[in-house]
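Analysis of the macromolecular model
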2 protein chains.
Amino acid sequence: MTRETTSAKPPGRPRAGIDAEVFAATLKTVHELGYAGATMDRIAAAAGVAKTTIYRRWPSKGALITDCLVDTFGPLPPMPGSRAEYLAAAIDLAATKIGQPGVGAAFAGVFVDAVSDAGLREILSTRLQAPYLRALQDALGEPEDRILLFVDITVGTLLHRMGMTGAPMVEADVAALTEMILRHFAERA
Amino acid sequence: MTRETTSAKPPGRPRAGIDAEVFAATLKTVHELGYAGATMDRIAAAAGVAKTTIYRRWPSKGALITDCLVDTFGPLPPMPGSRAEYLAAAIDLAATKIGQPGVGAAFAGVFVDAVSDAGLREILSTRLQAPYLRALQDALGEPEDRILLFVDITVGTLLHRMGMTGAPMVEADVAALTEMILRHFAERA
DNA sequence: TCGGTATCGCTACCATTGGTAGCGAAACTG
DNA sequence: CAGTTTCGCTACCAATGGTAGCGATACCGA
């Protein structure tokens with residue numbers, strides 16, 4: 001994940017493999033101090049890396065957070081037997097990841113920054129959301145607007161709970177949410 | 001809404017009635033420049049008021065936005081005939097208001113600021129969310145966790161759409177969302 | 001009309017934070 | 001060793017939320 005696919009051998013000092021440390025430091029700092037409190041200086045310090053080094057790799061704080069989320073979420077699990085199982089797995093993945101320390105706050109933070117920053121919105125949409133939309137569309141064969149609604153409901157609900165209470169959604173509520181969504185999306189449009 | 005209930009007559013120069021102008025300027029500025037671009041200086045300028053005057057009434061930007069939202073949303077309409085109609089009316093109110101220029105962005109912005117600011121979370125929860133929770137609970141007679149889930153789904157979905165696309169949810173999707181929610185919440189727990 | 005009081009607008013100011021420039025040192029290739 | 005690139009560091013800038021203090025202004029009561 002952290003290796004480029006360019007097989008050339010560039011001259012000069014090679015880049016140190018700091019992505020894992022920086023991502024971990026980012027989530028830890030956001031978890032402890034919140035999105036606003038997670039200063040680039042603090043993230044750099046927590047990662048044991050100079051701030052300028054971070055800015056050499058990520059053009060902005062939003063881009064760093066986005067890549068951190070991409071790294072955290074990972075790819076969607078492969079399509080299991082039924083449509084319902086696939087949808088349930090996707091909801092479960094979202095709930096699990098968003099509930100991890102720092103992930104929900106980081107997601108919500110970059111999400112809102114993106115509202116007022118077209119460049120960041122582009123990054124967020126391209127790097128984080130688009131792959132999932134495509135995977136869902138391929139697996140379900142549904143029109144795009146239904147996929148979008150599914151994502152809005154799933155992610156929006158989980159983030160809202162995280163933001164309002166500061167704590168991830170309890171399992172019982174995730175189950176209720178899943179049941180409601182499945183009843184609506186189980187059969188094709 | 002903007003008048004205190006203390007019926008005493010305090011001495012000194014009375015406060016000018018600027019709430020309406022400030023609220024309008026806030027939404028207009030957020031709409032045009034986004035949440036991050038809506039500087040307190042710019043809001044004050046748009047309202048034709050000094051920044052210090054705003055800070056004399058609202059202790060922080062988050063508090064101002066919250067009061068602006070409280071003013072925008074207003075009270076829930078009275079309970080109509082059926083439970084389903086009441087739920088549908090609440091969803092419709094949320095969708096309509098969040099779709100108004102600046103409201104969705106302002107909501108999302110203050111929402112995320114609240115994640116990392118306990119004081120603001122208190123303000124947001126007390127002044128904006130609590131009244132609606134109570135009204136819904138009184139009207140529906142449901143346990144609190146179900147009310148919370150209903151609000152998470154409704155508001156979270158609408159905000160997520162606003163944030164990701166920058167545009168309010170189209171009517172067809174609101175209708176689909178309403179139908180899904182009603183099927184789940186129509187009968188009591 | 002005049003004092004008391006509280007607000008208004010204004011300017012100046014501070015601390016924080018995202019982001020940048022430039023430097024010498026380090027690491028790798030050939 | 002020369003060339004190249006990255007690293008850490010310090011210093012720095014612009015923007016922004018928020019504050020302090022000023023003279024001016026509007027209202028009340030005597």
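All values derive from a computational prediction rather than experimental measurement.

Within chain A, the secondary structure is distributed over 9 helices and 0 strands. Each helix and strand of chain A, placed in order from N terminus to C terminus, yields the pattern α-α-α-α-α-α-α-α-α. Relative to the compact-globule value of 16 Å for 189 residues, chain A shows a C-alpha radius of gyration of 18 Å, a close match. Structurally, chain A occupies a C-alpha span of about 55 × 40 × 30 Å along its principal axes. Burial status across chain A gives 49% buried among its 189 residues. Across chain A, the fraction of contacts at a sequence separation of at least 24, relative to all contacts at a separation of at least 6, is 66%. Roughly 9,200 Å² of accessible area belongs to chain A as shown, and the carbon and sulfur atoms make up 56% of that amount. A gap of 9 Å separates the mean positions of the 19 positive and 21 negative side-chain charges of chain A.

Once that is clear, we can look at the protein's contact with DNA strand D. As a matter of local geometry, DNA strand D sits amid 23 residues, with Thr52, Thr53, Arg56 and Arg57 of chain A together with Lys51 of chain B nearest to it. Close to the protein, within 4 Å, the atoms of DNA strand D are drawn from sugar and phosphate at a rate of 57%. For DNA strand D, a phosphate oxygen lies 2.4 Å from a polar atom in the side chain of Thr53 of chain A. Here Lys61 of chain B contributes a backbone N or O atom positioned 2.8 Å from a phosphate oxygen of DNA strand D. Of all the secondary-structure elements, those providing two or more residues to the surface near DNA strand D are helix 3 (51-57) of chain A together with helix 2 (40-47) and helix 3 (51-57) of chain B.

On inspection of all chains with the given rule, the structure shows 6 aromatic pairs over all chains. Residues Phe150 of chain A and Phe185 of chain A carry aromatic rings whose centres are separated by 5.7 Å and whose planes lie at 75° to one another, so their mutual orientation is edge-to-face. With Phe150 of chain A in helix 8 (residues 144-165) and Phe185 of chain A in helix 9 (residues 171-185), this residue pair connects regions lying 35 residues apart in the sequence. The interplanar angle of 85° and the centroid separation of 5.9 Å between the aromatic rings of Phe73 of chain B and Phe107 of chain B together place this pair among those described as edge-to-face. Taken together, the residues Phe73 of chain B in helix 4 (residues 61-73) and Phe107 of chain B in helix 6 (residues 103-115) connect sequence positions 34 residues apart. The buried category is assigned to Phe107 of chain B, whose relative accessible area is 6%. Sitting over the ring of Tyr35 of chain A, Lys61 of chain A keeps its end group 4.6 Å from the ring centre.

Before going further, it helps to spend a moment on the interface of chain B and chain A. In this complex, chain B contributes 38 residues to the contact, which on the side of chain A involves 38 residues. Contact between chain B and chain A buries roughly 3,400 Å² in total, counting both sides, with carbon and sulfur atoms accounting for 70%. Summed over the three residues of chain B that lose the most area to chain A, namely His160, Met164 and Met180 of chain B, the buried surface amounts to 20% of that side. The interface formed by chain B and chain A contains 2 salt bridges. For the salt bridge of Asp152 of chain B with Arg161 of chain A, the shortest nitrogen-to-oxygen distance reads 2.4 Å. For the pair chain B and chain A, the number of links is 4 residue pairs in polar contact (both at pLDDT 80 or more). Taken together, the residues of the side of chain B that touches chain A break down into 23 nonpolar, 9 polar and 6 charged.

The immediate surroundings of DNA strand C are formed by 22 residues, with Lys51 and Lys61 of chain A together with Thr52, Thr53 and Arg57 of chain B found nearest. Considering DNA strand C, the proportion of its atoms within 4 Å of the protein that are sugar or phosphate atoms stands at 56%. At a separation of 2.8 Å, a base nitrogen of DNA strand C approaches a polar side-chain atom of Lys51 of chain A. The contact in question runs from a phosphate oxygen of DNA strand C to an N or O atom on the side chain of Tyr55 of chain A, over 2.9 Å. Secondary structure elements with two or more residues in the surface near DNA strand C: helix 2 (40-47) and helix 3 of chain A together with helix 3 of chain B.

Here we take up the relation of the copies chain B and chain A. Its rotation angle being 179°, the transformation that places chain B on chain A also includes 0.1 Å of axial translation and leaves an RMSD of 0.1 Å. When the rotation and shift are considered jointly, the pair of chain copies conforms to a two-fold rotation axis. The rotation axis passes nearest to the C-alpha of Gly156 of chain B in chain B, at a distance of 2.2 Å. Counting the interface residues of chain B, we find that 100% of their copies in chain A are interface residues as well, pointing to one common contact surface.

So, about the UniProt feature "DNA-binding region" (unreviewed entry) in chain A. As recorded in UniProt, the feature "DNA-binding region" (unreviewed entry) lies at residues 39-58 of chain A. Segment residues 39-58 of chain A splits into 75% helix and 0% strand. End C-alpha atoms: 14 Å apart.

To continue, consider the pattern of salt bridges. Residue and element names in this part refer to chain A. Tallied over the full model, the rule gives 16 salt bridges over all chains. Here Arg146 and Glu142 are joined by a salt bridge, their closest N and O atoms 2.7 Å apart. On the basis of relative accessible area, Arg146 is assigned to the buried category, the value being 16%. When salt bridges with common partners are traced through the structure, they connect Arg83, Glu142 and Arg146 into a single cluster.

Calculation criteria
Going along each chain's sequence as written, the residues are numbered from 1 onward. In the order they appear in the text, chains get letters beginning with A and ligands get numbers beginning with 1. Reporting of local features is limited, given that this is a predicted model, to residues whose pLDDT is at least 70; pairs of side-chain atoms are given and counted only at 80 or more, and all residues count toward the totals for whole chains, interfaces and linings. Note that the side-chain values use all heavy atoms of the structure and ignore hydrogens as well as water. Secondary structure is summarised from DSSP: a helix means a run of H or I of at least four residues, a strand means a run of E of at least two, and numbering begins at the N terminus for each. Using C-alpha atoms as the atom set, the radius of gyration is obtained and then compared with a globule rule of 2.2 Å times the number of residues to the power 0.38. Burial status follows relative accessibility: with a 1.4 Å probe on protein chains alone, a residue under 20% of its type maximum counts as buried, one over 50% as exposed, and anything between as partly exposed. The criterion used for residue contact is that any of the two residues' heavy atoms lie within 4.5 Å. For the accessible areas, the method is Shrake-Rupley and the probe is 1.4 Å, while residue cover comes only from the protein chains on display. Under the convention used here, Asp and Glu are negative, Lys and Arg are positive, and both His and the chain ends fall outside the count. For charged residues, the charge sits on one atom: NZ in Lys, CZ in Arg, CG in Asp, CD in Glu. What makes a residue near a molecule or strand is one non-hydrogen atom of that residue sitting within 4 Å of it. Polar contacts, as used here, are pairs of N or O atoms within 3.5 Å; protein pairs need one atom able to donate a hydrogen and one able to accept it. Residues neighboring in sequence count only if both atoms are side-chain atoms. Paired rings are identified among Phe, Tyr and Trp, the last through its six-membered ring, by centres lying within 6.5 Å, and are further divided according to the angle between planes into stacked (under 30 degrees), edge-to-face (over 60) and tilted (the rest). Lysine and arginine charges are scored as sitting over a ring when NZ or CZ, respectively, is within 6 Å of the ring centre and within 35 degrees of the ring normal. Buried area: the accessible area, evaluated with a 1.4 Å probe, that two parts lose upon being put together, summed over both parts. We define a salt bridge as a contact between a side-chain nitrogen of Lys or Arg and a carboxyl oxygen of Asp or Glu at a distance within 4 Å. Note that Gly is not counted as nonpolar here; it falls among the polar residues with everything else outside the nonpolar set of Ala, Val, Leu, Ile, Met, Phe, Trp, Tyr, Cys and Pro and the charged set of Asp, Glu, Lys and Arg. A least-squares fit on C-alpha atoms brings the copies together, and the residues used are those whose pLDDT is at least 70 in both copies. UniProt positions are given in the numbering used here, feature names are shortened, and annotations may be inferred rather than shown by experiment.

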